[in-house]
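What follows is the residue order along each chain.
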Amino acid sequence: TPVVAPPVKASEEESRLLVEAFHALHDAHDSSDALERVDEYLARFPHGELEEEALVIALDTATDDLPRAQRYARAYLARFPAWPHATRARALLEE
C-alpha cells in the first residue's frame, strides 16, 4: 500500500483558486482558464488538502485534450488509487 503524505491545510487562497477554476468551467465555459487555475494550484500546493478536487476538475475539463487528460488521470491515480474517480481516471488511460 503506497504511503500518502498528509495534505497541506487548505488556505483561503487555495480555495479561491479552485472556486475560480470551477466558475471558469461551469459559468464561462472557459476550459483553458479552468485548467490554468488547476495547474497553478497543483504547482503551488503539491499534496494540498484540495488536490483531489483539483484533479477531478481537471479530469472533467480536459476532455478535448486526451494527452493532458491522461496526465491528470495518472496524477489522480498516483495519489488516490482507490478514491471515487479512480475508475474514470483508469478509463481515460485506456483510450
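Presented here is an overview of the structure given in this document. (Residues numbered from 1 in each chain as written. Predicted model: local features only at pLDDT ≥ 70, side-chain atom pairs only at ≥ 80, totals over all residues. Heavy atoms only, no water.)

### A few points about the pattern of salt bridges
Enumeration over the complete set of coordinates arrives at six salt bridges. Among the salt bridges present, the one from aspartate 33 reaches arginine 37, with a minimum N-O distance of 3.8 Å. With aspartate 33 and arginine 37 both in helix α2 (residues 31–44) and four residues apart, the pair spans about one turn of that helix. (Salt bridge = Lys/Arg side-chain N within 4 Å of Asp/Glu carboxyl O. Helix = DSSP H or I, 4+ residues; strand = E, 2+ residues; numbered from the N terminus.)

### Here we look at the side chain of threonine 61
Among the structural elements, threonine 61 can be located in helix α3 (residues 51–61). From its side chain, threonine 61 meets the backbone oxygen of isoleucine 57 in a polar contact 2.6 Å long. (Polar contact = N/O pair within 3.5 Å; in protein donor to acceptor, adjacent residues only side chain to side chain.)

### Considering the packing of aromatic side chains
Tallied over the full model, the rule gives three aromatic pairs. Ring centres 5.6 Å apart and planes at 35 degrees place the aromatic pair tyrosine 41 and phenylalanine 45 in the tilted group. Here the two residues tyrosine 41 and phenylalanine 45 agree in accessibility, since each one is buried. Note on tyrosine 76 and phenylalanine 80: the rings are 5.4 Å apart at their centroids and 45 degrees apart in plane angle, and the pair reads as tilted. What makes tyrosine 76 buried here is its relative accessible area of 0%. Accessibility expressed as a relative area gives 5% for phenylalanine 80, which makes it buried. Through a chain of ring-to-ring contacts, three or more aromatic side chains come together here, namely Tyr76, Phe80 and Trp83. (Phe/Tyr/Trp six-rings, centres within 6.5 Å; stacked < 30°, edge-to-face > 60°. Buried < 20%, exposed > 50% of the residue type's maximum accessible area, 1.4 Å probe, protein only.)

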